[in-house]
Amino acid sequence: MNMESVFFYIIGAITLASAFCVVFLHRPIHNVLFMILTMIGLAGLFILLQAEFIAMVQLIVYAGAVMVLFLFVIMLLNLDDLRLPQDSRIVRRWVGVAGALLLLLLVAPLLGAFVPRLRSGTLMLDKAREVSNTEVVARELFTTYLLPFEIASVLLLSAIIGAVVLVRKRSGKTASG
Amino acid sequence: MVTLQHYLFLSAALFTLGVMGVMFRRNLIVILMSLELMLNAVNLTFIALARYMESVEGQIIVLFVMVVAAAEVAVGLAIAVTIFRQKGSIDVDEVDLMRW
């Protein structure tokens with residue numbers, strides 16, 4: 001039982017328990033706080049998997065920006081004391097679970113057939129002391145994957161424009177317009 | 001000794017929790033968060049495979065998944081705010097104008 005196993009089980013248990021709390025707790029503030037804990041746990045798992053750059057990006061982007069955005073929206077709309085009444089149609093959702101299990105049974109035999117053609121050796125684990133994970137990621141991102149990188153920036157631009165247009169108050173119309 | 005199967009099992013469990021969140025919750029914000037949980041489970045799968053197959057391409061696609069997830073959350077929360085302004089509630093069962 002080496003240190004990696006100990007860390008994996010501890011961080012994995014925390015992440016799984018937090019994810020369970022995200023889905024099944026009732027107040028949205030609690031869900032967001034446990035989601036932040038899940039993100040931090042996942043960042044820890046990424047560090048265990050020797051992806052330090054991605055772990056830091058996960059903390060900055062997910063735990064630091066996306067979850068704070070969720071908190072803003074919950075506090076802005078004052079959603080915390082909304083109580084949704086009991087849903088009598090909840091049995092329909094178990095039909096969805098049954099459908100998903102059936103899909104899993106159909107797909108499971110095919111899972112071993114997909115073998116990705118990766119360019120092995122690009123992770124440079126054996127040179128981990130000289131070459132940082134940031135440099136390894138940058139080495140591929142800015143050469144082989146330069147076009148997707150530029151398209152991602154256009155995607156972010158379109159998301160910003162979309163979000164601003166959606167919440168803009170209409171000018172020149174009445175409040176009920 | 002932590003093998004690839006450990007990480008894949010954890011990732012599958014997280015993904016299943018996310019799917020259950022999307023199916024069983026009626027609060028739109030919690031549904032968006034469960035969607036994020038699913039995306040994070042997929043990220044964990046990619047990073048684990050990148051580590052065990054010695055290829056950095058798994059980590060690069062994780063960066064792009066994070067970009068797409070951030071863009072989707074921004075627009076999704078804008079939609080949630082707009083729905084709240086119109087109806088005063090974020091219960092997804094009440095957004096039924098297009099149901100027959």
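All values reported here derive from a predicted model rather than from experimental measurement.

As for the overall build of chain A
- Check the secondary structure of chain A and you find 6 helices and 0 strands.
- For chain A, the N- to C-terminal ordering of α and β elements is α-α-α-α-α-α.
- Going through the 177 residues of chain A one by one, you find that 23% of them count as buried.
- For chain A, the proportion of contacts with a sequence separation of at least 24, taken over those separated by at least 6, is 50%.

Some remarks on the overall build of chain B
- Tallying secondary structure elements over chain B gives 3 helices and 0 strands in all.
- Tracing chain B from N to C terminus, the helices and strands come up as α-α-α.
- In summary, chain B has a C-alpha radius of gyration of 17 Å against a globular reference of 13 Å for 100 residues, an excess of more than 25%.
- Burial statistics for chain B: of 100 residues in total, 45% are counted as buried.
- A separation threshold of at least 6 residues defines the contact pool for chain B, and within that pool the share at least 24 residues apart is 48%.

Quick look at the interface of chain B and chain A
- Opposite the 54 residues of chain B that make contact, chain A presents 56 residues.
- Looking at the side of chain B that touches chain A, the elements with two or more residues in it are helix H1 (4-24), helix H2 (28-52) and helix H3 (57-87) of chain B.
- Among the elements that make up the side of chain B that touches chain A, the one with the highest residue count is H3(B) (21 residues).
- For the side of chain B that touches chain A, a count of residues per class yields 39 nonpolar, 8 polar and 7 charged.

Quick word on the nonpolar core
- By size, the foremost hydrophobic cluster in this structure holds 59 residues, and its most contacted members are A:Phe46, B:Ile29, B:Leu44 and B:Ile47.
- Ranked by residue count, the leading element in this core is H2(B), at 14 residues.
- Split by domain, this core shows at least three residues from each of two domains, domain 1 (1-81) and domain 2 (120-170) of chain A.
- If we skip the residues at most four places from it in the chain, B:Leu44 touches A:Leu42, A:Leu45, B:Tyr7, B:Leu10, B:Ser11 and B:Leu14.

A look at the confidence of the model for chain A
Residue and element names in this part refer to chain A.
- This prediction gives chain A a mean pLDDT of 84; 82% of its residues lie at or above 70.
- Taking the mean pLDDT of every element in chain A, the minimum, 80, falls on helix H4 (residues 91-107) and the maximum, 95, on helix H2 (residues 28-48).
- The model gives residues 173-177 a pLDDT under 50, and that stretch makes 1 contact with residues more than four places away or in other chains.

Focus: the environment of A:Ile11
Residues and elements named next belong to chain A.
- When you line up the elements, Ile11 lands in helix H1 (residues 3-24).
- Ile11 gets classed as partly exposed once you count the C-beta atoms within 10 Å, which come to 19.
- Distance from Ile11 to Met56, taken between C-alpha atoms, is 16 Å for residues 45 residues apart in sequence.
- Those residues within four positions of Ile11 in sequence are excluded, and the remaining contacts are Gly41, Gly44 and Leu45.

Focus: the domain arrangement of chain A
Residue and element names in this part refer to chain A.
- Each assigned domain of chain A is listed with its residue range as follows: domain 1 (1-81) and domain 2 (120-170).
- Averaged C-alpha coordinates put domain 1 and domain 2 at centres separated by 21 Å.
- With 4 residues of domain 1 in contact, the opposing surface of domain 2 contributes 4 residues.

Here's the deal with H1(B)
- Taking 1.5 Å per residue, 21 residues should reach 30 Å; H1(B) reaches 30 Å between its end C-alpha atoms and fits that length.
- Within the sequence span of H1(B), burial applies to B:Tyr7, B:Leu10, B:Ser11, B:Leu14, B:Leu17, B:Gly18 and B:Gly21. Taken around the axis of H1(B), the buried residues stretch over an arc of 120°, which confines them to a single face. With respect to the buried face of H1(B), the exposed residues turned more than 90 degrees away are B:Gln5 and B:Phe9.
- Lining the buried residues of H1(B) we find H1 of chain A together with H2 of chain B.

As for unusual backbone geometry
- The residue A:Gln50 is not glycine, and still its phi comes out positive at about 60°.
- If you trace the backbone, A:Gln50 turns up in the loop between H2 and helix H3 (52-76).
- A positive phi is found at B:Glu54, a non-glycine position, where the angle reads about 55°.
- Here B:Glu54 lies in the loop between H2 and H3.

Reading the values: the criteria
- Residues numbered from 1 in each chain as written.
- Chains lettered and ligands numbered in written order.
- Predicted model: local features only at pLDDT ≥ 70, side-chain atom pairs only at ≥ 80, totals over all residues.
- Helix = DSSP H or I, 4+ residues; strand = E, 2+ residues; numbered from the N terminus.
- Buried ≥ 20, exposed ≤ 12 C-beta atoms within 10 Å, placed from the backbone.
- Contact = placed C-beta atoms within 7 Å.
- Rg over C-alpha atoms; globule rule 2.2 N^0.38 Å.
- Nonpolar A, V, L, I, M, F, W, Y, C, P; charged D, E, K, R; others polar.
- Core = buried A, V, L, I, M, F, W, Y, C linked by C-beta atoms within 7 Å.
- Domains from an automatic or database assignment.
- pLDDT = per-residue confidence, 0-100.
- Expected span 1.5 Å × (residues − 1).
- Arc of directions from axis to C-beta.

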